Number of protein chains: 2
Amino acid sequence: MADVAVAKERRIIVAIDEGEESMYALTWCLKNVISQNSNDALILLYAKPPRTVYSTLDGTGYLFSSDIMASMDRYSSDMANGVIEKAKKLCRTQSGDVKVEARVGDGDPRDVICDMVEKLGADVLVMGSHGYGWIKRAFLGSVSNHCVQNVKCPVLIVKKPKSTITGSK
Amino acid sequence: MADVAVAKERRIIVAIDEGEESMYALTWCLKNVISQNSNDALILLYAKPPRTVYSTLDGTGYLFSSDIMASMDRYSSDMANGVIEKAKKLCRTQSGDVKVEARVGDGDPRDVICDMVEKLGADVLVMGSHGYGWIKRAFLGSVSNHCVQNVKCPVLIVKKPKSTITGSK
């Protein structure tokens, strides 16, 4: 990190999901972007599917019953918590002193990520090039490509070597 | 920059052209990515149009005469040298001790950039989101998007605030 930037607090948003590639992107960011003993603030951002997405998973065309919806909500929350805990653990082990906070947004990750970057005035957005979990099943198109096109701040796209990707591909 | 990465030499390729956005991307990289007193090596990469592109500028359908082609070659080389000098000056003023080398490739910037990243085993590719000069007139499609899709290393896309872009838009 250039000395001129060390004194300045940078808000670095890392978009995470249940896939391995976003965790690889976080690890790369901690090793290559985050400054030790700096004012960098790391914001872990997870996008949770909105309820409307569940119905697209029901092939019958009928909406799920309320108890199924409730259990899906619980599953979705558990998934979010699990991913965030995994990411926070990575931050502690890789870069113990970095300031970390987690945000969870509901909706299409493309909107959740772009809105949060704008809202927080992020200095950098870090993300994997694939995945964002359920988005691949519920939407078409690349989340990272959409974000590169739409956010104002620099975007760092990190790819995990294909040979070791399992969860995010 | 995380301490764990400082000892390791990183090869950082910055794709430059005559547009302001690539110079902004270089400046951002020098301030936010390059480590002071590190082994980071900065490679400035400029793609020069191949001769075949000139003919697309000739609306008559006839190829230019050899003397016109020669003067276009000189113009192209002068442009490359001018851009590289401007970039090197930025490096000296922003980050005096960083190791800098320049490479010039002939052809479609998409191929020149992706090939050089592969050839040099770059650790990071830094580029603006627009521009790459003549590519906008000779080819369709986004250079940065193509590179994000095709290179294996992390790609940092840096946008210059629109209000101040002139040369690259």
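Residues numbered from 1 in each chain as written. Chains lettered and ligands numbered in written order. Predicted model: local features only at pLDDT ≥ 70, side-chain atom pairs only at ≥ 80, totals over all residues. Heavy atoms only, no water.

**Comments concerning the overall build of chain A**
- Regarding its fold elements, chain A presents 7 helices and 5 strands.
- Traced from its N-terminal end to its C-terminal end, chain A shows the element sequence α-β-α-β-α-α-β-α-β-α-α-β.
- Residues classed as buried in chain A amount to 51% of the 169 residues present.
- Here the analysis covers contacts within chain A between residues at least 6 apart in sequence; of these, 79% occur between residues at least 24 apart. (Helix = DSSP H or I, 4+ residues; strand = E, 2+ residues; numbered from the N terminus. Buried < 20%, exposed > 50% of the residue type's maximum accessible area, 1.4 Å probe, protein only. Contact = heavy atoms within 4.5 Å.)

**A word on helix α4 (residues 66-94) of chain A**
- Over its 29 residues, α4(A) extends 42 Å from the first C-alpha to the last, a length consistent with the 42 Å expected when each residue adds 1.5 Å.
- Listed in full, the buried residues belonging to α4(A) are A:Met69, A:Ser76, A:Ala80, A:Val83, A:Ile84, A:Ala87, A:Leu90 and A:Cys91. (Expected span 1.5 Å × (residues − 1).)

**Remarks on the nonpolar core**
- Counting residues in each nonpolar core, the largest one holds 50 residues, and the members touching the most others are A:Leu26, A:Leu42, B:Leu26 and B:Leu42.
- Membership of the second largest hydrophobic core comes to 42 residues, among which are A:Leu120, B:Met116, B:Cys147 and B:Val148. (Core = buried A, V, L, I, M, F, W, Y, C linked by side-chain atoms within 4.5 Å.)

**Looking at the sheet that holds strand β5 (residues 155-158) of chain A**
- Read from one edge to the other, the open sheet built from 10 strands follows the order β3(A)-β2(A)-β1(A)-β4(A)-β5(A)-β5(B)-β4(B)-β1(B)-β2(B)-β3(B), with strand pairing classed as mixed. Looking at which strands have only one partner, the edges of the open sheet turn out to be β3 (99-106) of chain A together with β3 (99-106) of chain B. Strand-to-strand, the axes of this sheet are offset by a mean angle of 20°, without reference to chain direction.
- Here strand β2 (residues 41-48) of chain A pairs with β3(A) via 8 bridges, running parallel. Bridging from a neighbouring strand, A:Ala41 pairs with A:Lys99 of β3(A).
- Here helix α7 (residues 143-150) of chain B sits on the sheet in contact with β5 of chain A together with β4 (124-128) and β5 (155-158) of chain B, set at roughly 165° to β4(B). (Pairing = 2+ DSSP bridges. Axes fitted to C-alpha atoms, helices over the stretch in contact; angles between N-to-C directions.)

**Comments concerning the environment of A:Met79**
All names here are of chain A.
- Along the polypeptide, Met79 turns up in helix α4.
- Met79 gets classed as partly exposed once you look at its relative accessible area, which sits at 23%.
- Discounting residues that sit within four places of it in the chain, Met79 has contacts with Glu18 and Tyr46.

**With respect to the packing of helix α2 (residues 20-32) of chain B against helix α4 (residues 66-94) of chain B**
All names here are of chain B.
- Closest axis-to-axis distance for the α2/α4 pair is 10 Å, and the angle between their directions is 25°. Taken together, the axes of α2 and α4 are roughly parallel relative to one another. Classified by chirality, the crossing of α4 by α2 is right-handed. The residues of α4 that touch α2, namely those facing Met23, Leu26, Thr27, Leu30 and Lys31, are Val83, Lys86, Ala87, Leu90, Cys91 and Gln94.
- For the contact of α2 with α4, the class distribution of residues is 7 nonpolar, 2 polar and 2 charged. (Parallel < 35°, antiparallel > 145°, perpendicular 65-115°, else oblique. Left-handed = near helix turned anticlockwise from the far one by under 90°. Nonpolar A, V, L, I, M, F, W, Y, C, P; charged D, E, K, R; others polar.)

**Thoughts on the pairing of β5(B)**
- Burial along β5(B) is two-sided: B:Val155 and B:Ile157 facing one way and B:Leu156 and B:Val158 facing the other are all buried.
- Where β5(A) lies against β5(B), 3 bridges are found, and the strand directions are antiparallel. Bridging across to β5(B), A:Val155 finds its partner in B:Ile157.
- Judged from the 4 bridges that link them, β4(B) and β5(B) form a sheet pairing that is parallel. Bridge pairing links B:Met127 to B:Ile157 in β5(B).

**Topic: the confidence of the model for chain A**
Residues and elements named next belong to chain A.
- For chain A, per-residue confidence averages 80 on the pLDDT scale, and 75% of positions sit at 70 or higher.
- When pLDDT is averaged over each helix and strand of chain A, the minimum, 42, is found for helix α1 (residues 3-6) and the maximum, 96, for strand β1 (residues 11-16).
- Scored below 50 in pLDDT, residues 1-6 makes 22 contacts in the model with residues more than four places away or belonging to other chains.
- In this model, residues 165-169 is a region of pLDDT below 50 whose contacts with residues beyond four sequence positions or in other chains number 15 contacts.
- As a predicted assembly, this complex carries a pTM of 0.81 together with an ipTM value of 0.78. (pLDDT = per-residue confidence, 0-100.)

**Looking at the pairing of β2(A)**
- Taking burial as the measure, the 8 residues of β2(A) include 8 buried ones, the bulk of the element.
- Side-chain alternation along β2(A) places A:Ala41, A:Ile43, A:Leu45 and A:Ala47 on one buried face and A:Leu42, A:Leu44, A:Tyr46 and A:Lys48 on a second face that is also buried.

**Points about helix α5 (residues 109-120) of chain B**
All names here are of chain B.
- Its 12 residues give α5 an end-to-end C-alpha distance of 16 Å, which sits within 8% of 16 Å, the value for a rise of 1.5 Å per residue.
- Inspection of α5 places Pro109, Arg110, Val112, Ile113, Cys114, Met116, Val117 and Leu120 among the buried residues, and these make up the whole buried set.
- Looking one or two residues past α5, Gly121 carries a phi angle of roughly 60°, positive in sign.

**Things to note about the state of the cysteines**
Residue and element names in this part refer to chain B.
- Scanning all chains against the criterion turns up 0 disulfides over all chains.
- Cysteine Cys147 remains unbridged, with the sulfur of Cys114 as its closest cysteine sulfur at 4.0 Å.
- Left without a disulfide partner, Cys153 is nearest to the cysteine sulfur of Cys114, which lies 9.2 Å away.
- Given the relative accessible area of 8%, Cys153 is considered buried. (Disulfide = S-S within 2.5 Å.)

**Details of the environment of B:Trp28**
- By secondary structure assignment, the location of B:Trp28 is in helix α2.
- According to the relative accessible area criterion, B:Trp28 is buried, its value standing at 13%.
- For the pair formed by B:Trp28 and B:Glu85, sequence separation is 57 residues and the distance between their alpha carbons is 18 Å.
- If we ignore the near neighbours within four places in the chain, the residues touching B:Trp28 are A:Asp123, A:Val124, A:Pro154, B:Val33, B:Leu156 and B:Val158.

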